[in-house]
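As a plain string of letters, each chain reads:
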Amino acid sequence: MALNDPVKRKIVLQRVLNKLICRKCGAINSPRAKKCRRCGSRNLRLKKAELRGKGA
Ligand SMILES: [Zn+2]
């Protein structure tokens, strides 16, 4: 998937960032979730941005 277009790249990054990952089971939850939909844990974290490329 080519991300040469900076606008598309930004959108993709926002989508990737806009998730909560359960530290307990690793499930991906909605950014508005208060607790994990799979295991019910509240131990959620934001998905880390991985900026690979020039200058990152
Ligand atoms: Zn979980």
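Thresholds applied
Residues numbered from 1 in each chain as written. Predicted model: local features only at pLDDT ≥ 70, side-chain atom pairs only at ≥ 80, totals over all residues. Helix = DSSP H or I, 4+ residues; strand = E, 2+ residues; numbered from the N terminus. Buried ≥ 20, exposed ≤ 12 C-beta atoms within 10 Å, placed from the backbone. Contact = placed C-beta atoms within 7 Å. Pairing = 2+ DSSP bridges. pLDDT = per-residue confidence, 0-100.

The next thing to look at is the overall build of the protein. Helix and strand content of the protein: 1 helix and 3 strands. Counting from the amino terminus, the protein carries its helices and strands in the arrangement α-β-β-β. Within the protein, buried positions represent 5% of all 56 residues. For the protein, contacts bridging at least 24 residues in sequence account for 22% of all contacts bridging at least 6.

The next thing to look at is the sheet that holds strand S1 (residues 20-22). Taken together, 3 strands build an open sheet; the order of strands is S2-S1-S3 and the sheet is antiparallel. Edge positions in the open sheet fall to strand S2 (28-29) and strand S3 (44-46), since each of these has one partner strand only.

Along the chain, Leu17 turns up in helix H1 (residues 6-17). Considered as a pair, Leu17 and Lys47 are 30 residues apart in the sequence and their alpha carbons are 5.5 Å apart.

Moving on to the environment of Arg32. Here Arg32 lies in the loop between S2 and S3. Classification of Arg32 by C-beta neighbours within 10 Å gives exposed; the count is 7. It is 9.2 Å that separates the C-alpha atoms of Arg32 and Asn18, two residues lying 14 residues apart in sequence.

As for its placement among the helices and strands, Leu20 is situated in strand S1. Judged by C-beta crowding, with 20 C-beta atoms within 10 Å, Leu20 ranks as buried. As for Leu20 and Cys36, which are separated by 16 residues in sequence, their C-alpha atoms are 8.6 Å apart. Here Leu20 is in contact with Asn29, Pro31, Ala33, Leu44, Arg45 and Leu46, once residues within four sequence places are set aside.

This prediction gives the protein a mean pLDDT of 83; 77% of its residues lie at or above 70. Put simply, H1 is where the protein has its lowest mean pLDDT, 79, and S2 is where it has its highest, 94.

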